[in-house]
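# Coordinate analysis (summary)
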Amino acid sequence: MFDTAIETLERDDFCSLAPIGWLHHKMQDAFFLVVGTQSCQGFLQTALGVMVFAKPRFATAVLDEDDLSGRDALTALLPLARTVVAEHAPRAIFLGSTCTPEILKMNVSGCAPAIERETGVRVYPARMDGFDASYTQGEDHVLQAMLARTPAGGETPNLVVLGCLSAIEEAEIRLECAAMEIPEPRFIPAESALDLAPVGPRTVIAPVNPYLFDATAWAKRERKATILSAPFPYGPDGSRAFYEALGAAFGRSVSYAERERAAWASLEGELTALRGRTIAFASDAMVELPLARTLRAAGARVPYVGTPNVYRKFHAPETALLEGVEIAERPDRFATFAKLTEHAPDVVVANLNIANALEGMGFAVKWSTELTFQPIHGFSGAQSLFAMFAATLRRHDALAGHRAKAGSETHPISMDFFLESHR
């Protein structure tokens, strides 16, 4: 199933600072202080849509054109942290380290205890650099830093839902847990960065995002917590499997078959646009496997999935449902283009870096970044999830119809020069 072909290692990755976009909205009392360069600052200001009057709860400690190898990082960062506390009064600061060589020379995480002691504000050190396979793993490192500060679990079984969710998505999980009469869920992250549920051997950790491997591995290794092994709650099929596994983790035998059937029926308008269409994934956000699984369940063809990493055990519930799909782990740019040419999909899910190039080649593209910012979990998120794909297909079909009516032709860019025989 997995492609192991030799590659050029040229890949297109988004920046790991991007998760600040949804994390700072979630934790209203937190501030993200990124230790980086003007490139990091430029990314945060443009990608996250900063306006001068917005007073955002994130900022970059710009350390540019300065050899920091001999400097005390705490001397540089402590005044900035004090300014953040004075101007924004956060209850917690996330101290993010980036991948600039000058920053790598600094012991940013080692400064966290001293800054916390001097300011009186909780400081979570979190790696948010480009050394991960996917930008979404920035959230993984933030949540791992929070788990490390959770109180030890007691004798009472408890449930921790791990992953950033909207209020609507959280409400659905609360209602379903109450209906199953299992422990009331606690969420990490919650609205407060200081709201941390206890984690211990009697804790069930339910990850809702497929890129949270490091955080869940930490909870299993350091706190002996149980990690829920189930498909992620994307689409009616994944939501059914997730809730049934959640009930089973607490000794409840429940069936969501009727709930799944009703959910699919309510989505008929979107499914009509998807059935029989071919959708492929270029590697990007590590959400590709569960999305491919639920799109196949919706009636679409998914012949090829590129994804940054496949953790064999963590992702096993998803890969088990993707029999017959070609899965490429961390494919390079040229391998991706070659596979897309071979399969000629109706829609390609790809990151912003190559979206325009793919459009120029004649593909209809869905930005994968949209999928990480939208509430698409659970039964309540299924409408948003499938509507995004249906809208892309309808727009592409409408443009093709207008071109045909006008007698105009498209002139896609030839991909030949990307292929191995021409390089």
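This structure is a prediction, so every number in the text was calculated from the model and none was measured.

## A few points about the overall build of the protein
Looking only at helices and strands, the protein has 17 helices and 14 strands in total. On C-alpha atoms alone, the protein measures out to a radius of gyration of 22 Å, which is about the 22 Å that the 2.2 N^0.38 rule sets for 423 residues. Once the C-alpha set of the protein is aligned to its principal axes, its extents read approximately 70 × 60 × 45 Å. Expressed as a percentage of the 423 residues in the protein, the buried residues total 54%. Considering only residue pairs separated by 6 or more positions, the protein has 73% of its internal contacts joining residues 24 or more positions apart. Accessible surface for the protein amounts to roughly 18,100 Å². Of this, 53% is attributable to carbon and sulfur atoms. Across the protein, the mean location of the 39 positive side-chain charges is 4 Å away from that of the 51 negative side-chain charges.

## Side note on the state of the cysteines
Counted under the stated rule, the structure contains 0 disulfides. Residue Cys15 stays outside any disulfide, its sulfur separated by 6.3 Å from that of Cys40, the closest cysteine. Not engaged in a disulfide, the cysteine Cys177 finds its nearest cysteine sulfur in Cys164; these two sulfurs lie 18 Å apart. Overall, Cys177 belongs to the buried group, its relative accessible area being 1%.

## Details of the packing of aromatic side chains
If you walk through the whole model with that rule in mind, you get 11 aromatic pairs. Consider the rings of Phe94 and Tyr124, whose centres lie 4.8 Å apart with planes at 20°: the pair is stacked. Of this pair, Phe94 sits in strand β4 (residues 92-97) while Tyr124 sits in strand β5 (residues 122-127), placing them 30 residues apart in sequence. For Phe94, a relative accessible area of 1% translates into the label buried. With 6.3 Å between their ring centres and 15° between their planes, Tyr256 and Phe379 make a pair best called stacked. With Tyr256 in the loop between α9 (235-249) and α10 (257-266) and Phe379 in helix α17 (residues 378-406), this residue pair connects regions lying 123 residues apart in the sequence. Take Tyr256 and Phe379: they sit in the same class, and that class is buried. Each residue in the set Phe213, Phe232, Tyr311 and Phe314 is aromatic and connected to the rest through ring pairs, giving one cluster.

## Looking at unusual backbone geometry
The omega angle of the peptide bond from Ile188 to Pro189 is 5°, so this bond is cis rather than trans. The backbone phi angle of Ala89 is positive, close to 50°, even though this residue is not glycine. Along the chain, Ala89 falls in the loop between α3 (73-88) and β4. Not every positive phi belongs to a glycine, and Arg330 is a case in point at roughly 50°. In this fold, Arg330 is placed in the loop between β12 (326-329) and α14 (333-343). With a relative accessible area of 24%, Arg330 lands in the partly exposed category.

## Examining the sheet that holds β4
Ordered in space as β3-β2-β4-β5, the 4 strands form an open sheet in which the pairing is parallel. For this open sheet the edge positions go to β3 (58-62) and β5, each flanked by a neighbour on one side alone. Each strand of the sheet is rotated relative to its neighbour by a mean of 25°, with strand direction disregarded. Pairing between strand β2 (residues 30-36) and β3: 5 bridges, direction parallel. When the sheet's bridge partners are listed, Phe32 is paired in β3 with Phe58. The strands touched by helix α2 (residues 38-47) are β2 and β3; relative to β3, the strand with the most contacts, the crossing angle is about 165°. Relative to β5, helix α5 (residues 108-119) is tilted by about 175°, and along the sheet it contacts β2, β4 and β5.

## Quick notes on the side chain of Thr336
As for its placement among the helices and strands, Thr336 is situated in helix α14. The contact partners of Thr336, leaving out residues within four places of it in the chain, are Ala282, Tyr304 and Pro331.

## Let's talk about empty space enclosed by the protein
Enumeration over the complete set of coordinates arrives at 2 cavities of 30 Å³ or more. A volume near 60 Å³ is recorded for the second largest cavity. Taken together, Leu165, Glu169, Glu172, Ile173, Val208, Pro233, Phe242, Tyr243, His377, Gly378 and Ser380 form the lining of the second largest cavity. If you list the elements that add at least two residues to the lining of the second largest cavity, you get α7 (167-180), α9 and α17.

Conventions we followed
Along every chain, residues carry numbers that run from 1 in the direction the sequence is written. Local features in a predicted model are, by the rule used here, given only for residues with pLDDT of at least 70; side-chain atom pairs are given and counted only at 80 or more, and totals for whole chains, interfaces and linings are based on all residues. Calculation of side-chain values draws on the structure's entire complement of heavy atoms; hydrogens and water are dropped beforehand. Helix and strand labels come from DSSP, where a helix needs a run of H or I of at least four residues and a strand needs a run of E of at least two; each type is numbered from the N terminus. With the radius of gyration taken over C-alpha atoms, the globule rule is written as 2.2 Å times the number of residues to the power 0.38. Relative accessibility under 20% of the residue-type maximum defines a buried residue, over 50% an exposed one, and the middle range a partly exposed one, all with a 1.4 Å probe and only protein chains included. Whether two residues are in contact is decided by their heavy atoms: any pair within 4.5 Å suffices. Methods summary: accessible areas were calculated by the Shrake-Rupley approach with a probe of 1.4 Å, and residue burial reflects only the protein chains presented. In this count, Lys and Arg are taken as positive residues and Asp and Glu as negative ones, while His and the chain termini are left out. Positions of charges follow a simple convention, taking NZ of Lys, CZ of Arg, CG of Asp or CD of Glu. Cysteine sulfurs are considered disulfide-paired once they come within 2.5 Å of each other. When two rings of Phe, Tyr or Trp (its six-membered ring) have centres within 6.5 Å they constitute a pair, described as stacked for plane angles under 30 degrees, edge-to-face for angles over 60, and tilted for the intermediate range. DSSP-based pairing: two strands are paired if at least 2 bridges between them are found. An axis is simply a line fitted to the C-alpha atoms; with a helix, the fit covers only the stretch in contact. Between two such axes, the angle follows the N-to-C directions and lies from 0 to 180 degrees. A pocket, in this scheme, is an open set of points on a 1 Å grid over the protein atoms alone with protein on both sides within 12 Å along at least 5 of 7 lines, while a cavity is a set where a 1.4 Å probe fits but cannot get out; residues line either one if an atom lies within 4 Å of a point. Grid points are joined across faces, edges and corners, and a volume is the space filled by probe spheres set on the points.

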